[in-house]
Amino acid sequence: MALNDIHTPVLLERCVELLAPALEKPGAVLVDATLGMGGHSEAFLTRFPELTLVGLDRDTDALAIAGERLARFGDRVHLVHTVYDGIADALDGLGIASVDGILFDLGVSSLQLDRAERGFAYSQDAPLDMRMNQTEGITAADVIATYSEHELRNIFHKYGDEKLSARYAKAIVTNREIEPITRSGQLVHILTVATPAALSHSGHPAKRVFQALRIEVNQELSVLETAIPAALGKLALGGRIVVMSYQSLEDRIVKGFLQTGASSSAPVGLPVELEQFKPELKLLVRGAELASDEEKARNPRATPVRLRAAERIKVAA
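Definitions and cut-offs
Residues numbered from 1 in each chain as written. Predicted model: local features only at pLDDT ≥ 70, side-chain atom pairs only at ≥ 80, totals over all residues. Heavy atoms only, no water. Buried < 20%, exposed > 50% of the residue type's maximum accessible area, 1.4 Å probe, protein only. Helix = DSSP H or I, 4+ residues; strand = E, 2+ residues; numbered from the N terminus. Arc of directions from axis to C-beta. Contact = heavy atoms within 4.5 Å. Pairing = 2+ DSSP bridges. Axes fitted to C-alpha atoms, helices over the stretch in contact; angles between N-to-C directions. Lys, Arg positive; Asp, Glu negative; His and termini not counted. Salt bridge = Lys/Arg side-chain N within 4 Å of Asp/Glu carboxyl O. Polar contact = N/O pair within 3.5 Å; in protein donor to acceptor, adjacent residues only side chain to side chain. Core = buried A, V, L, I, M, F, W, Y, C linked by side-chain atoms within 4.5 Å.

Caption draft 1: Main features of helix 10 (residues 184-194). Ser184, Leu187, Val188, Ile190, Leu191 and Ala194 are the residues of helix 10 that are buried. Down the axis of helix 10, the buried side of the element spans an arc of 160 degrees, and every buried residue falls inside it. Facing away from the buried side of helix 10, by more than 90 degrees, are the exposed residues His189 and Val193. Tucked inside the fold, the buried residues of helix 10 contact helix 7 (140-146), helix 9 (165-176) and helix 11 (207-218).

Caption draft 2: Geometry of the sheet that holds strand 5 (residues 235-245). Read from one edge of the open sheet, seven strands run 3-2-1-4-5-7-6, paired in mixed fashion. Edge positions in the sheet fall to strand 3 (77-81) and strand 6 (281-283), since each of these pairs with one other strand and no more. The mean inter-strand angle of the sheet, taken between neighbouring strand axes irrespective of direction, is 15 degrees. Of the strand pairs in this sheet, strand 5 and strand 7 (residues 306-312) are connected by six bridges, and their pairing is antiparallel. Of the residues in strand 7, the one forming a bridge with Val242 is Ala309.

Caption draft 3: How the structure looks around the side chain of Asp32. Within the secondary structure, Asp32 sits in strand 1 (residues 29-32). Buried and without a salt bridge, Asp32 has Arg69 as its closest oppositely charged side chain, separated by 9.4 Å. Side-chain polar atoms of Asp32 contact the side chain of Ser41, separated by 2.7 Å. If we ignore the near neighbours within four places in the chain, the residues touching Asp32 are His40, Ser41, Leu53, Val54, Gly55, Leu56 and Leu103.

Caption draft 4: Representation of the nonpolar core in the model. Counting 61 residues, the largest nonpolar core has Phe104, Phe156 and Ile241 as the members making the most contacts within it. Of all the elements, helix 12 (residues 220-233) adds the most residues to this core, at seven residues. Other than its neighbours up to four places away in sequence, Phe156 contacts Asp161, Glu162, Ser165, Tyr168, Ala169, Ile172, Val209, Ala212 and Leu213.

Structural data, given as structure tokens:
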């Protein structure tokens, strides 16, 4: 199967349009902080012949696939095995002081969803893993086995906005006392049985629980809270950042950092805004931009996307 058949980059043309003004100059550097299978990166390297790419990913499978896909670009490509909050260390290790473009495509990747053995998809029975980096960390099975009922209820509610979080947590704790819950099929069955008949037609009962487990296993929100300011700290004057989020908790974090950077820090009542208080960023889109109906039809994984973008207009303090 060809790579283009298994992965359609989300909002590719819009990402190119937003980042192009910062990438057209000779010697420009782009960081793809969520490399995945390299679909976005391949397009940028093709369209900007003098561009250097730094690709980050915590998933060794993704790095291997992207490395093969991008091999024809030679020494214009630098791939680093790291979580995206390691962006500053990755760039320092390459001797790159600042960059012109940064792209984040958050959430679970096509590769992780489509490979059943990774345990991300509730539609296929597989070991409950869900680690984006399979070389370290706890698995979803570990969370299910060791978290208290109270802790499970909290993560289902906080990260999945699951209204039946208490009911599902209780059912998991009850069932794990009978036998270990190690496979996605087991968990789906437990959740399905625990769902009241009146709510059985309001979406798959496992959807929000699986999302919450994935976020907890990979510490996605705490990583993002570190990654966005770290990325902004490496963005050159005139550089641009584009972030695509797929759920409201991620988007809220991104929105907070970008809006803060685009706001004056002057004390209230100053008659004239002094240079040191002027915004460091300029927002490039109004609010969060959504995919068009055409994009959603062509690529269903774009349906929940929220895109935000900004340009650095003042050197960081």
